[in-house]
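# Structural features, examined
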Amino acid sequence: MATIDDEGVEGLKSGIEEHLSVVEEKIMSWETDESMIWDSGPDEAFEYLSAVDEARKLIQGLENQCLNGEDEKELLRRAHDVLQLAMQRLEEEFKYLLVQHRQPFEPEHMSFRSSEDDGVDVGSMVSFGDESFEDSARRDSVSRTSEECIIDLVHPDVIHDLKCIANSMFMSNYDHECRQAYVIVRKDALDECLFDLEIEKFSIEDVLKMEWGTLNSKIKRWVRAMKVFVRRYLASEKWLCDQIFSESGLANFVCFVEAAKAPMLQLLNFAEAISIGPHQPEKLVRFLDMYEVLADLLLDIDALFPDEAGSSVKVEYHEVLKRLADSVRATLVEFKNAVATNTSTNPFAGGGIHHLTRYVMNYLRLLVDYKDTLNLLLKNDRSVPVLLSPDSSPSTEDESTSNDFSGGVSAMTLHLQSLTSILEANLHEKSKLYRDASLQHFFLMNNIHYMAQKVKNSELRVIFGDKWIRKHNWKFQQHAMDYERATWSTILSFLKDESNSSNSSISRTLLKERLRSFYVAFEEVYRTQTAWLIPDVQLREDLRISTSLKVIQAYRTFVGRQMYHIGEKHIRYNAEEMQDYLLDLFEGSQKSLHNPHRR
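Residues numbered from 1 in each chain as written. Predicted model: local features only at pLDDT ≥ 70, side-chain atom pairs only at ≥ 80, totals over all residues. Heavy atoms only, no water.

## A few points about the overall build of the protein
What counts, and what does not: Helix and strand labels come from DSSP, where a helix needs a run of H or I of at least four residues and a strand needs a run of E of at least two; each type is numbered from the N terminus. Buried means the residue's accessible area, taken with a 1.4 Å probe over protein chains only, is under 20% of the maximum for its type, while exposed means over 50%, and partly exposed covers the values in between. Note on areas: these come from Shrake-Rupley sampling with a 1.4 Å probe, and a residue is covered only by the protein chains present in the view.
Along the protein, the regular secondary structure elements total 21 helices and zero strands. The 599 residues of the protein split such that 48% are buried. Of the accessible surface of the protein, which amounts to about 29,200 Å², a share of 50% is contributed by carbon and sulfur atoms.

## Quick look at the packing of aromatic side chains
To keep it simple, the criterion reads: Only rings of Phe, Tyr and Trp enter the pairing, Trp through its six-membered ring, and a pair is recorded when the two centres are within 6.5 Å. The plane angle decides the type: under 30 degrees is stacked, over 60 is edge-to-face, the rest tilted.
Throughout the structure, instances matching the rule amount to 24 aromatic pairs. Here the aromatic rings of Tyr 573 and Tyr 581 are separated by 5.5 Å at their centres, their planes lie at 80°, and the arrangement is edge-to-face. Like Tyr 573, the residue Tyr 581 is buried in the burial classification. Through a chain of ring-to-ring contacts, the aromatic side chains of Trp 488, Phe 518, Tyr 519, Phe 522, Tyr 526, Tyr 555, Tyr 573 and Tyr 581 assemble into a single cluster.

## Quick notes on the nonpolar core
Stated formally: Among the buried residues, those of types Ala, Val, Leu, Ile, Met, Phe, Trp, Tyr and Cys that are joined through side-chain atoms within 4.5 Å form a nonpolar core. Throughout, a contact is declared for two residues whenever any of their heavy atoms are within 4.5 Å.
One finds Phe 94, Trp 222, Met 226, Met 264, Leu 367 and Phe 518 to be the most contacted residues of the largest nonpolar core, which totals 172 residues. The element best represented in this core is helix H7 (residues 212-244), accounting for 15 residues. Those residues within four positions of Trp 222 in sequence are excluded, and the remaining contacts are Ile 199, Leu 267, Phe 270, Ala 271, Met 290, Val 293 and Leu 294.

## Considerations on the packing of helix H18 (residues 466-493) against helix H20 (residues 537-566)
Helix-helix packing is characterised by the crossing angle of the two axes and by the distance between the axes. So the rule is basically this: Axes here mean lines fitted to C-alpha atoms, for a helix over just the part in contact, with angles spanning 0 to 180 degrees between N-to-C directions. Here is the rule for angles: anything less than 35 degrees is roughly parallel, anything more than 145 is roughly antiparallel, 65 through 115 is roughly perpendicular, and the remaining ranges are oblique. Should the near helix be turned counterclockwise from the far one by less than a right angle, the crossing is left-handed, whereas a clockwise turn marks it as right-handed. Any residue that is not Ala, Val, Leu, Ile, Met, Phe, Trp, Tyr, Cys, Pro, Asp, Glu, Lys or Arg is counted as polar, Gly included; the first ten are nonpolar and the last four charged.
At a closest axis distance of 11 Å, the pairing of H18 and H20 adopts a crossing angle of 30°. Relative to H20, the element H18 is oriented roughly parallel. As for how H18 packs across H20, the hand of that crossing is right-handed. Residues Phe 476, Ala 480, Tyr 483, Glu 484, Trp 488 and Leu 492 of H18 touch H20, and the partners they reach there are Leu 539, Leu 543, Ser 546, Thr 547, Lys 550, Val 551 and Ala 554. Grouping the amino acids of the contact of H18 with H20 by side-chain chemistry returns nine nonpolar, two polar and two charged.

## Side note on helix H13 (residues 371-378)
Put simply, the rule reads: Here the arc refers to the set of directions running from the helix axis out to each C-beta atom.
Listed as buried for H13 are Thr 373, Leu 374, Leu 377 and Leu 378. One side of H13 carries all its buried residues, which in axial view fall inside an arc of 115°. Of the exposed residues in H13, the ones pointing more than 90 degrees away from its buried face are Asp 372 and Leu 376. As for H13, its buried residues are in contact with helix H9 (284-296), helix H11 (311-340), helix H12 (355-367) and helix H15 (411-431).

## Some details on the environment of Ala 554
Looking at the secondary structure, you find Ala 554 in helix H20. Residue Ala 554 is classed as partly exposed on the basis of its relative accessible area of 22%. Taking C-alpha positions, Ala 554 is 9.4 Å from Ser 493, a pair spaced 61 residues apart along the chain. With near-sequence residues (within four places) excluded, Ala 554 lies in contact with Leu 492 and Leu 495.

## Quick notes on H12
Applied cut-off: Multiply 1.5 Å by the residue count of a helix minus one, and that product is the helix's expected span.
With 13 residues, H12 should reach 18 Å at 1.5 Å per residue; the first-to-last C-alpha distance of 18 Å fits that figure. Within H12, ten of the 13 residues are buried, which leaves it mostly tucked inside the rest of the structure. Among the residues of H12, those classed as buried are Leu 356, Thr 357, Tyr 359, Val 360, Met 361, Asn 362, Tyr 363, Leu 364, Leu 366 and Leu 367.

## What about unusual backbone geometry?
For residues other than glycine, phi is negative in most cases, and the peptide bonds are mostly trans. At Asn 173, a position not held by glycine, the phi torsion is positive, near 65°. Tracing the backbone shows Asn 173 in the loop between helix H4 (159-171) and helix H5 (175-196). Residue classification places Asn 173 among the exposed positions, given a relative accessible area of 65%.

## Description of the pattern of salt bridges
Rules: Every case where a carboxyl oxygen of Asp or Glu lies within 4 Å of a side-chain nitrogen of Lys or Arg is listed as a salt bridge.
Enumeration according to the criterion identifies 32 salt bridges in this entry. For Glu 198, the salt bridge is made with Arg 221, and the minimal N-O distance between the two is 3.3 Å. Linking Glu 198 in the loop between H5 and helix H6 (204-209) with Arg 221 in helix H7, this pair joins segments that are 23 residues apart in sequence. On the basis of relative accessible area, Glu 198 is assigned to the partly exposed category, the value being 41%.

## Let's talk about the confidence of the model for the protein
Worth spelling out the cut-off: Per-residue confidence from the prediction method is given by pLDDT, with values spanning 0 to 100.
For the protein, per-residue confidence averages 82 on the pLDDT scale, and residues scoring 70 or more make up 82% of the total. Across the protein, the element-wise mean pLDDT spans from 38 in helix H14 (residues 394-404) up to 96 in helix H16 (residues 437-456). Within the model, pLDDT remains below 50 along residues 109-147, and this stretch shows 78 contacts once partners closer than five positions in the same chain are excluded. Here residues 500-504 scores under 50 on pLDDT; set against residues more than four positions off or in separate chains, the count is zero contacts.

## A word on the environment of Lys 57
Note on placement: Lys 57 falls in helix H2 (residues 42-65). The exposure class assigned to Lys 57 is partly exposed, which follows from its relative accessible area of 46%. Through-space distance from the C-alpha of Lys 57 to that of Ser 172 is 9.6 Å; in sequence the pair is 115 residues apart.

## Considering the packing of H20 against helix H21 (residues 575-582)
It is at 10 Å that the axes of H20 and H21 come closest, and there the two elements cross at 155°. Taken as axis vectors, H20 and H21 run roughly antiparallel relative to one another. For the element pair H20 and H21, the recorded crossing hand is right-handed. Residue-level inspection shows Arg 544, Thr 547, Ser 548, Val 551, Ile 552, Tyr 555 and Arg 556 of H20 in contact with H21, the latter providing Ala 575, Glu 576, Met 578, Gln 579 and Leu 582. Looking at the contact of H20 with H21 residue by residue, the class counts come to six nonpolar, three polar and three charged.

## A few points about the environment of Arg 286
Here Arg 286 shows up in helix H9. By relative accessible area, which is 1% here, Arg 286 ends up buried. Sequence separation between Arg 286 and Asn 216 is 70 residues; the distance between their C-alpha atoms is 7.5 Å.

See below:
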């Protein structure tokens, strides 16, 4: 005969078994149904989650009873099996909701500026043109991100459902499965985001083998994508994690990091490959673009990947940023070396503006857009001292620098001035390739004038200062005077008035010979210097006027005084004709005089 206690236990077992059968029936009913629970409406979803909750409570109750009989153990096994089936189903439903209700990400509608289509050819030998970097305000943490930066990656209507499923799985000790399901789905979404941003997956070897034209385009795309991916997409991904796993301890951090880690390392891997490649001068602007976008996003990254969970991403990010900084400094050194060692075997045709001068000055002009970054990166860099220009003494150069920058010279100013000094030294060497001394000065006049104008008429003026401009204005004017002296001094000596000397008047034959020599020399200058080129219209006009004043005045005076002794038939050109001929000079197209009155 059963005791009262035995009857109580039997009743308890019977009640538990009956309760378990009801829960089991509810959960098992969906095992043969191919439709999704959450598509059947909120009531079905609520009932299913309630059944899961009951199964979990039954397990806890049975485990707390410490029942040792086989019947009790069998009930516990059944309850665990039911819960496991429910967890598998919830995992499927969780993935389904994440995938089915994912919101499309359309990067073309994001408010960022693409530098990929700006038409700038950084490798051009003639001109880099203008290019600027879009600055964005830094933020202390993701929580301070303005609301318009957060986009709904999953439809807001299902966030509550996802949160309920996650809570249920975590409470049932299936947190690993829940996190894994989330990471798998969201990592695919993050990969698709990179695809939409046209970011391809390359190995370091792939990057190092790329031709510069292709690589240049890839870097522009990377710079454009980086800010969008971090500041828009990852911020939104973090927000989604926070919403779904807000009641699950540190799961939000873990899930976010696990989903975002591989895509972030893919982006950083590309930047690392760029940083360890050759430091060619044409890459400097792209290095700066990459450094600036990483530096700009540094606080965002530190906030997105805090503490130990995100340490691997954060450490790699900081390391890549440092490598890019080193690349900028190394590339500047390479650029200076390239300018210093640029040699020519033949003189530059026409004495115009050398390609190297255009390249360097347009390069420097472009770097002004990065002045804050360059000042930061070059602040403690003493790899290349400021060099003296070829015709200045140490005392005058030091005086110029101290007078121009009494408050201290910026690091960028020192480096850019050293570059112009190197360029000038190189131009002086190139000028020596000309045998004609007047063409040497003409070449230097053109190139130093170009340098001065580039600084004067651009943002470089703030970097170099007005005293640098005045100094170089004086330099090119000095070369202009030296050109005139080298070209015309001997020629005009034929027209020198010697009638007031102690000797008797110069013989008519000698006068005629001197005039003939003048014409021969003038025509040779015309033939030669019409092929010379002054690209700057104002400089060309100024030199023509200056030359014309000296030559025409001397010619008029000579002819006016000596016409009686020489005779009109020996006059090949009148003053007006000669003045017109002088206006043909420096056009870069060689001409010869063919005067019908020539004797």
